[in-house]
Amino acid sequence: MWGKNWKSSGKLPCLDSDCLPHHHHHHQIANATCNEEKLAEETSNGLDACAKESKLNFEETTKDVESLADQKALEESPEENNCSFLHAVINMIGMLIGLGQLSAPYALENGGWTSAFLLVGLGILCAYGSHLLGKCLEKYPKSRDYKDIGQNAFGAKGRIIIASFIYAEIFMALVSYTISLHDNLATVFLGTHLKLSWTNLTTSQTLTVLAILVALPSLWLRDLSSISFLSTAGILMSLLIFVTVACTAIFGAVKANHSIPALKLHNIPAISGLYIFSYAGHVVFPNLHAAMKDPSKFTKVTIVSFSLVTVLYTSLAFMGAKMFGPEVNSQITLSMPRALILTKIALWATVLTPMTKYALEFAPFAIQLEQNILPRSMKSRTKMIIRGSVGSILLLVILVLALSVPYFEYVLSLTGSLVSVGICMIFPCAFYIKIFWNQISRPTLILNMILIAFGTLLGASGTISSSRLLLQNLRRAHSA
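Residues numbered from 1 in each chain as written. Predicted model: local features only at pLDDT ≥ 70, side-chain atom pairs only at ≥ 80, totals over all residues. Heavy atoms only, no water.

Novice: Before we go on, may I ask you to explain the overall build of the protein in this structure?
Specialist: Each helix and strand in the protein was counted, giving 18 helices and 2 strands. In the protein, buried positions account for 56% of the 480 residues. In the structure as shown, the protein presents an accessible area of about 20,400 Å², 65% of it carried by carbon and sulfur atoms. (Helix = DSSP H or I, 4+ residues; strand = E, 2+ residues; numbered from the N terminus. Buried < 20%, exposed > 50% of the residue type's maximum accessible area, 1.4 Å probe, protein only. Areas by Shrake-Rupley, 256 points an atom, 1.4 Å probe, with all protein chains shown as cover.)

Quick look at the structure:
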């Protein structure tokens, strides 16, 4: 999912910049700490008078110190809860818009126009998942992030499982971003020849490597607030892409006269992953909930935001499919007429978007490393060097994977089916059942059980389908 935290600016006060993003999709995430009141309660229950001398040591081993930034957020929480209903809607829309919009026309063309009902249906189910997260947060108001909800429901094991899914989604989304960067750079610099004699890289691969090297220094920044502007820039780039595609369709640069097939049933499992990933913003919803003036309106914010995003995705999907038909690319920007100035704007927006994501998406890994793994006695300079080095290595691994598996639609579909469906649908239902077990009615229990089963089935079929297609293309590429 795309990095989706907004920095307060002008008339758009948003989530604090220290609340870290997700995906995009995709995909952006916030690491949180338990507050001092919760710790005091836990330690007082668990320590007798003789052990109180070791209270500080106990707190150091039990306190969730994943984020210095979020400690600051907790301290300033009374001042932070200033997001109005409108601002919360804008924030949530910003969290949801991402890589999914690039693939929406491709997904509709390959699934048939009736697959739009699947797109809308999944939007409703993911919105319901967001509603359930809000209910869980109301039950445990001290929860600060998605992992806290997992821990409230299933204990330490739940936290570990959720963290694994979140980090997997971030990693896979960054691979998709890098593939998108490579594909769009190749189109922007079409006809350019740039080849280094000592490498076997193509021009587009060389350009991608150079772009990654340009982004690499941002991983070494110590103050996360200094890179918060990148999140806003990414959201603006995403909106710019939609506007350019819409203008291309509206002003007749391309005749939208292609017919869309009714249904391609065999493609539904694979494109379901693309549709699910389009709604993958749930990992940062707890931060939005905490930032609202009136958290009780969170469900209304969810309904409005998901409705608007669904309309945007559906209209973009139909526009792209009608304009380009079977020739539509997995990324709509690559199908647009190259001579148009609108196309150049869209391509550059798509190229710049991944550049804004790397530091923000890596931040959760960096904070986890610095706070929970590295010794506290270690000098800050040494921590910075280790953190920057690990980040650089991870980014280079992502680069290698993206160049080795340059199949945007299959990687994105695999991410949605393997990881995002759990975060958006399955886990929220499971959390709600576990936390409200003694309060929910039988029909509600049955509904959530059905949704868990449906999500599992959809995720499994989508994972198998997208994995098979990915392997087929890899074999074909190696045999060519």
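Now that the structure has been shown, we can carry on.
Novice: Would you explain the pattern of salt bridges in this entry?
Specialist: In total, this model carries 2 salt bridges according to the counting rule given. One salt bridge in this structure joins Lys147 and Asp145, with 3.0 Å as the shortest N-O distance. The exposure class of Lys147 is buried, given its relative accessible area of 1%. Owing to a relative accessible area of 0%, Asp145 belongs among the buried residues under this scheme. Salt-bridge contacts for Arg159 lead to Asp148; the nearest nitrogen and oxygen are separated by 2.7 Å. (Salt bridge = Lys/Arg side-chain N within 4 Å of Asp/Glu carboxyl O.)

Novice: In this structure, what is going on with the nonpolar core? I would like to understand it.
Specialist: Side chains of a nonpolar character, in soluble globular proteins, are inclined to be buried together. Judged by nonpolar contacts, the single largest core of 121 residues is most densely connected at Tyr146 and Phe431. A total of 18 residues in this core trace back to one element, the largest contributor, which is helix H17 (residues 408-435). Here Tyr146 is in contact with Leu133, Ile162, Ile166, His282, Val283, Pro286, Gly422, Ile423, Phe427, Pro428 and Phe431, once residues within four sequence places are set aside. (Core = buried A, V, L, I, M, F, W, Y, C linked by side-chain atoms within 4.5 Å. Contact = heavy atoms within 4.5 Å.)

Novice: What exactly am I supposed to notice about the packing of helix H8 (residues 146-188) against helix H14 (residues 341-355) here?
Specialist: Packed helix pairs are specified by the crossing angle of their axes together with the interaxial distance, meaning the distance between the axes. At a minimum axis separation of 9 Å, H8 and H14 run at an interaxial angle of 145°. Crossing of H8 over H14 shows left-handed handedness. Of the residues in H14, those touching H8 at Tyr177, Ser180, Leu181, Asn184, Leu185, Thr187 and Val188 are Leu347, Trp348, Thr350, Val351, Thr353, Pro354 and Met355. Its residues assigned to classes, the contact of H8 with H14 comprises 9 nonpolar, 5 polar and no charged. (Axes fitted to C-alpha atoms, helices over the stretch in contact; angles between N-to-C directions. Left-handed = near helix turned anticlockwise from the far one by under 90°. Nonpolar A, V, L, I, M, F, W, Y, C, P; charged D, E, K, R; others polar.)

Novice: Teacher, can you tell me more about empty space enclosed by the protein here?
Specialist: In this approach the atoms are scanned with a rolling probe the size of a water molecule, which exposes any empty space left behind. Put simply, the largest cavity is a space of about 90 Å³. Every residue lining the largest cavity is listed: Phe171, Leu174, Leu219, Tyr358, Phe362, Phe365, Gly391, Leu394, Leu395 and Ile398. Top contributing element to the lining of the largest cavity by residue count: helix H16 (residues 380-404), with 4 residues. Classifying every residue of the lining of the largest cavity gives 9 nonpolar, 1 polar and no charged. (1 Å grid on protein atoms, 1.4 Å probe; cavity = no way out; pocket = protein on both sides within 12 Å on 5 of 7 lines; lining within 4 Å. Points joined across faces, edges and corners; volume = space filled by probe spheres on them.)

Novice: I tried to follow helix H11 (residues 268-277) on my own but got confused; where do I start?
Specialist: Residues separated by three or four positions in an α-helix point in the same direction, a consequence of the helix having 3.6 residues per turn. Counted residue by residue, H11 has 9 buried out of 10 residues, so it is predominantly covered. Burial in H11 covers these residues: Ile268, Ala270, Ile271, Ser272, Gly273, Leu274, Tyr275, Ile276 and Phe277.

Novice: What should I look at first to understand the packing of aromatic side chains in this one?
Specialist: The geometry of two aromatic rings is summed up by the distance between their centres and the angle between their planes. All chains considered together, the criterion is met by 11 aromatic pairs. Considering the side-chain rings of Tyr279 and Tyr313, the 5.8 Å spacing of their centres and the 80° angle between planes classify their relative orientation as edge-to-face. With Tyr279 in the loop between H11 and helix H12 (285-291) and Tyr313 in helix H13 (residues 298-324), this pair connects stretches of sequence that are 34 residues apart. The class for Tyr313 is buried, based on a relative accessible area of 1%. (Phe/Tyr/Trp six-rings, centres within 6.5 Å; stacked < 30°, edge-to-face > 60°.)

Novice: Sorry, what's going on with a nonpolar patch on the surface here?
Specialist: Taken together, the side chains of Phe85, Val304 and Leu308 make up a nonpolar region of the molecular surface, amounting to roughly 230 Å² of accessible area. Secondary-structure assignment places Val304 in helix H13. Take Val304: its relative accessible area is 32%, and that puts it in the partly exposed class. (Patch = residues over 30% accessible without salt bridge, like charges linked within 9 Å, V, L, I, M, F, W, Y side chains within 5 Å.)

Novice: For this particular structure, what's the right way to read H17?
Specialist: With 28 residues, H17 ought to run about 40 Å at 1.5 Å a step, and its terminal C-alpha atoms sit 38 Å apart, in line with that. Ser420 marks where H17 bends most, by close to 55°. Of all 28 residues that make up H17, 26 are buried, and the element is covered over most of its length. (Expected span 1.5 Å × (residues − 1). Bend = angle between axes of the 7 residues up to and from the residue.)

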